[in-house]
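# Descriptive analysis of the structure
Residues per chain, in single letters:
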Amino acid sequence: MSILDPAAVHLERRDDQPPTLSIAGDLFFNVKIRQAFPLSQESRYITFFDQEDEYLGIVADPGACDEETGRIIRDEIEWRYFRPRITRIVEMEGRGGTSLFSVETDRGEVKIPMRDLREGMVELSPGRILITDENGNRYEIPDLDRLDRRSRRLIRRLI
Amino acid sequence: MPLINKIPSELTRLIPSGLPAGEDHGDLLFACKTDLAPDGRIDESMLAVTRRHLVVATRSGGAWTLTHTLSLAAINGLTVEPLVGASALVAEVDGKSIRLLRYTHAVAQDMTDAVESLLHLIGPDGSTDHTEPVAEEPVPDWSSREAHLRTFGRLWTFCLPHWRKLVIAMVVTVAASAIDLLPPYLTMILVDQVLVDQSMYIWLPSIVALLAVSRIVHTGVTIISGRMLAVLGDRLAYDARSELLNVLQLLPLKYYDMQQTGGLMARIARDAKSIHYFWIDFAPQVVQQGLLVIGMTAVLFYLNWELALLVLIPIPAIIFASVHIKRYLMWFYGRSWDSWATFFERVNDALAGIRVVKIFAQEKRQSRDMQLENEKVFTAERNIHVRSRTVRPLLAFLVSVGGLLVLLYGGLLVQSNAMTVGMLVAFLLYLAMFYSPVQQLTGMADWIPEMMTAITRTFEVIDSPIEEYTPADIVDVPRFEGRLELQDVNFGYVAHQPVLKGINLHVEPGEMIGLVGHSGAGKSTLIKLMCRFYDVDGGRILIDGTDVRRMDLTQLRSQIGYVEQDPFLFAGSVADNIRFGNQEASREEIIEAAINANAHEFIVKLPDGYDTPVGERGGRLSGGERQRVAIARAILHDPRILILDEPTSALDLETEKKIQEALGRLMEGRTTLAIAHRLSTLRDADRLLVLKNGEPVELGTHEELLDRQGEYYRLVQLHTNVSSIVGVEG
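What you see is a predicted model; the values in this text were computed from it and never measured.

Looking now at the overall build of chain A. Summing up its helical and strand segments, chain A has 3 helices and 12 strands in all. A total of 159 residues make up chain A; the buried ones form 43% of that total.

Listed below in structure tokens is the structure:
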């Protein structure tokens, strides 16, 4: 159980395989990378697990790792955490207790079915909203103020 | 010290006869009247206390007789013996128990106060203490009849910070009322001088225009006053809720022992809102309608005093009926409130314990029980609505009687040319307007009880005594060394029914003491006293030589860590829960605490890591996970004294090992009091304090106590086979 020195941590990837981690010379293959604070502090506190999902350690500031390691960390995080960012609210419909949001995201257009708005929409910090649909998929509005006026008005009705 | 009860004059003469020469009634310190005679009849008895004597008198057949006169110096002890449906006061004198008097629960509180004062006079060892006990600040009784007047007074104090806005809103309301008086008068001129004799026929468009303007101005003014009062009312409801929420955090734990969460929730959700209704719907209506009634009465008398008198005939009957209806309906509103509170409690319980319900397959029974409460709410609500819907039309009928009288008498006046048609029309218009506010005012008769009941209950909570956070003779102890001392500690949840008796213990900084005993032995109570959730009845608890009652409560508790048997987590993220006792903690510190609590690994495996919501009461985590998050929370809190209530539930070996490791790290260098269940904790403790029925029976190390083969040995035998433990140890 250790807090790792970013300088002693190196990641590399071969042939699209899960990355290999070297910690002060010890090699670990097919490592998994997770964020300790995926919602409140995405860019820091990166944890590593071996292929048996045993915990290896945590790097507080991945920015201090070498460039390749930093890039692999970003790719792995992008791969593990699927959370499209909403760029526009197209339509909101209410149908007998459920709601259907048609939205545009950075990963394409999508329809979000919602059953419980109180549970499903959480304002993580002012203007930053996490939406979890009835299937457990998650979407994020990183900054409400940066949406267009109509989208803002539609969302403001709900939070 | 004031007299607790007024002493009957006959008794005042009788008491000195039982006292030795030189002491008289003037030396009387206090007295308390009770409600049972020594033989169990419902009759009065009286406990009176002078500086040196205690006198008990009882009444039989209307006459008072002295039954006991005791010198305070001779009394070795006083106890209240709980009986069934009553209690008895017993004095110890020369090794004998003297039953002084009996009383029912109705006067139990008065007697508890009196016995407290008496014990203060007698002193702990029977030595007489003549310093007068300090009278506690009386808690306002919000349930009494005078309470409603006080409630009105309190409502004003809520309004005071916003008085300017209220005055403006009221002035605008008054303006709306004044404008209301204009149209019937204009109508009179219109009928008599424009339509009938046509002397002012060219004025028709002007008068109609004036009528239109008065309508428009009235609408505008009504909108302005309505909006102003709405904002003001919402602000007042917000203020009331804020005050309630603040007080709820500061109330002592014993308040919550007596209250159910559902009832308190009802107060926050429903009752605080009543202050809004009072200022939005009730007060402006009373002012506006009241002014209309006064204004129109004046106009009616100005137009025709004889007709005006006819209008007023039903008014006394209306007022009489309204007052009686209010008193009558008050009971039903009280019942309705109670049934809602029980309903909330029941539903709250059933939902919080849904797992238990399902595992015992009791869904149907729970549902049936909740339906029963639902039916009670239905009955209570129906009782109110049926009655109020019956009385309102009856009141309306009463007020319409005046209208018929005016029509009859006014018609006769017009027929005999003693009155113009226009004046009769204006009179009838005023009449319609006059009875509308009177009806509205009487309609408010059934608002008042509902509102007053709710508002009174809100004030009941707000005025409950809160914990004393900063004592007068405060001693500043910014950082404890951790030396604990319990000196002859006595305590009972109910006065004079001790749960802990004569606890003495000295703990050095960094020492770990295990508390052992059957359930109900007093272990948890001792822990609650350490946290100062309750104050000791006798003796003292000292930390680094200072009585905990002289410490700032926040300072004391911020240096005590508490890990409960089944830790309570709040419905935030894992990180929020770990930083609960130290909001300034950085993420690095949170992670470090979690690592030390063996929690980090399972946390980072959660999809949202430290940002994972733990659910209500931490329900989304397993028992072992909750334990470790709670340990991390305690580590980050960094207390000097640790209080630990070990979980009794069996966990898998791996989790158990991790928790033990975590606890070991947590206890390092801290004074620890632990309710121990696990053998490893018992063995690791520096000393063990064995409690039995609230009394300390053994103190020593695990080995010493096993060798002694006393209570501890028996307890260990009960849990497991003692020989195998010794074998493990060997």
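Our next topic: empty space enclosed by the protein. All names here are of chain B. Evaluated as defined, the whole model comprises 1 cavity of 30 Å³ or more. In this model, the largest cavity occupies a volume close to 40 Å³. Taken together, Leu-529, Arg-532, Tyr-534, Asp-535, Val-536, Ile-541, Asp-547, Val-548 and Arg-549 make up the full set of residues lining the largest cavity. Residues that form the lining of the largest cavity fall into these classes: 5 nonpolar, no polar and 4 charged.

The partner chain B presents 15 residues to the 22 residues of chain A that form the contact. Of the roughly 1,600 Å² buried where chain A meets chain B, counting both sides, 58% is carbon and sulfur surface. Summed over the shared surface of chain A and chain B, the result is 2 salt bridges. Here Asp-608 of chain B ties to Arg-138 of chain A by a salt bridge, and the two come within 2.4 Å at their closest N and O atoms. There are 9 residue pairs in polar contact (both at pLDDT 80 or more) connecting chain A and chain B. Its residues placed into classes, the side of chain A that touches chain B shows 12 nonpolar, 4 polar and 6 charged.

According to the stated counting rule, one finds 36 salt bridges over all chains in the structure shown. Between Arg-44 of chain A and Glu-588 of chain B there is a salt bridge, and its shortest N-O distance comes to 3.1 Å. Of this pair, Arg-44 of chain A sits in the loop between β4 (32-35) and β5 (46-49) while Glu-588 of chain B sits in helix α18 (residues 587-596), which puts the two residues in different chains. Since its relative accessible area comes to 25%, Arg-44 of chain A is described here as partly exposed. In this structure, Arg-150 of chain A and Glu-91 of chain A form a salt bridge, with 3.8 Å as the shortest nitrogen-oxygen distance.

Here we come to the packing of aromatic side chains. Per the counting criterion, the structure on display carries 11 aromatic pairs over all chains. Seen from their ring centres, Phe-37 of chain A and Tyr-45 of chain A are 5.4 Å apart, and the 65° between their planes marks the pair as edge-to-face. Assessed through its relative accessible area of 0%, Phe-37 of chain A is described here as buried. Between Phe-570 of chain B and Phe-580 of chain B the ring centres are 4.7 Å apart and the planes differ by 15°, which places this aromatic pair in the stacked class. With Phe-570 of chain B in the loop between β13 (560-563) and α17 (574-578) and Phe-580 of chain B in the loop between α17 and α18, this pair connects stretches of sequence that are 10 residues apart.

Further remarks concern the nonpolar core. Residues and elements named next belong to chain B. Within the largest apolar cluster, 54 residues are counted, with the highest numbers of intra-cluster contacts made by Val-574, Ile-578, Ile-603, Tyr-610, Ile-631, Leu-666 and Tyr-712. Not counting residues up to four positions away in its chain, the partners in contact with Leu-666 are Val-563, Ile-631, Ala-634, Ile-635 and Leu-642. Judged by nonpolar contacts, the second largest core, of 34 residues, contains Met-188, Leu-329, Val-406 and Val-414.

With respect to the secondary-structure elements, Thr-525 of chain B resides in helix α15 (residues 523-530). Dropping the residues within four chain positions of it, Thr-525 of chain B is found in contact with Phe-491, Tyr-493, Val-499 and Leu-500 of chain B.

A few words now on the sheet that holds β4 of chain A. Residues and elements named next belong to chain A. One open sheet holds the 3 strands; their spatial order is β4-β5-β6, and the pairing between them is antiparallel. The open sheet terminates on both sides in strands that have one partner only, identified here as β4 and β6 (55-59). Averaged over all adjacent pairs, the angle separating strand axes in this sheet is 25°, with direction ignored. In terms of strand pairing, β5 meets β6 through 4 bridges, oriented antiparallel. Along β6, the bridge assignment pairs Phe-48 with Gly-57. Its contacts with the sheet place helix α1 (residues 67-80) against β4 and β5, and it is angled at close to 80° to β4.

So, on to the packing of helix α4 (residues 163-180) of chain B against helix α5 (residues 182-196) of chain B. To describe two helices that pack against each other, one gives the angle between their axes and the distance between the axes. Residue and element names in this part refer to chain B. Here α4 crosses α5 at 15°, and the two axes come no closer than 5 Å. Put simply, α4 runs roughly parallel to α5. Between α4 and α5, the residues in contact are Ala-178, Ile-179 and Asp-180 and Leu-182, Pro-183 and Pro-184, respectively. Of the residues assigned to the contact of α4 with α5, the class counts are 5 nonpolar, no polar and 1 charged.

All names here are of chain B. Contact geometry for α4 and helix α6 (residues 204-250): axes closest at 9 Å, N-to-C directions at 155°. Relative to α6, the element α4 is oriented roughly antiparallel. Between α4 and α6 lies a crossing whose hand is left-handed. Here α4 contributes Lys-165, Leu-166, Ile-168, Ala-169, Val-172, Thr-173, Ala-175, Ala-176, Ile-179 and Asp-180 to the contact with α6, which in turn contributes Ser-214, Arg-215, Val-217, His-218, Val-221, Thr-222, Ile-224, Ser-225, Met-228, Leu-229 and Leu-232.

Residue and element names in this part refer to chain A. As paired elements, strand β10 (residues 121-125) and strand β11 (residues 128-132) share 4 bridges and run antiparallel to each other. When the sheet's bridge partners are listed, Glu-123 is paired in β11 with Ile-129. Count of turn residues in the β10/β11 antiparallel hairpin: 2 residues, of which Gly-127 carries a positive phi of about 85°.

What follows covers α18 of chain B. One full turn of an α-helix is made of 3.6 residues, so residues set three or four places apart face in the same direction. Along α18 of chain B, the positions that sit buried rather than exposed are Ile-590, Ile-591, Ala-593, Ala-594 and Ile-595 of chain B. Downstream of α18 of chain B by one or two residues, Asn-598 of chain B has phi in the positive range, about 55°.

Two strands in a sheet stick together by hydrogen bonds in their backbones, pointing the same way (parallel) or opposite ways (antiparallel). All names here are of chain B. Pairing within the open sheet is antiparallel, and its 3 strands lie in the order β5-β6-β7. Only two strands of the sheet have a single partner each, and these edge strands are β5 (75-82) and β7 (96-104). Each neighbouring strand pair of the sheet contributes to a mean axis angle of 20°, computed without reference to strand direction. Helix α2 (residues 108-122) rests against β5, β6 (86-93) and β7 of the sheet, and its axis sits at about 160° to β5.

What follows concerns the environment of Gly-522 of chain B. All names here are of chain B. Relative to the elements of secondary structure, Gly-522 occurs in the loop between β10 (512-516) and α15. Each C-alpha atom of the pair Gly-522 and Val-499 lies 6.2 Å from the other, and the pair is 23 residues apart in sequence. Once residues within four sequence positions are removed from consideration, Gly-522 is found in contact with Leu-500 and Leu-691.

Rules used in this analysis
Residues numbered from 1 in each chain as written. Chains lettered and ligands numbered in written order. Predicted model: local features only at pLDDT ≥ 70, side-chain atom pairs only at ≥ 80, totals over all residues. Heavy atoms only, no water. Helix = DSSP H or I, 4+ residues; strand = E, 2+ residues; numbered from the N terminus. Buried < 20%, exposed > 50% of the residue type's maximum accessible area, 1.4 Å probe, protein only. 1 Å grid on protein atoms, 1.4 Å probe; cavity = no way out; pocket = protein on both sides within 12 Å on 5 of 7 lines; lining within 4 Å. Points joined across faces, edges and corners; volume = space filled by probe spheres on them. Nonpolar A, V, L, I, M, F, W, Y, C, P; charged D, E, K, R; others polar. Contact = heavy atoms within 4.5 Å. Buried area = accessible area lost by both parts, 1.4 Å probe. Salt bridge = Lys/Arg side-chain N within 4 Å of Asp/Glu carboxyl O. Polar contact = N/O pair within 3.5 Å; in protein donor to acceptor, adjacent residues only side chain to side chain. Phe/Tyr/Trp six-rings, centres within 6.5 Å; stacked < 30°, edge-to-face > 60°. Core = buried A, V, L, I, M, F, W, Y, C linked by side-chain atoms within 4.5 Å. Pairing = 2+ DSSP bridges. Axes fitted to C-alpha atoms, helices over the stretch in contact; angles between N-to-C directions. Parallel < 35°, antiparallel > 145°, perpendicular 65-115°, else oblique. Left-handed = near helix turned anticlockwise from the far one by under 90°.

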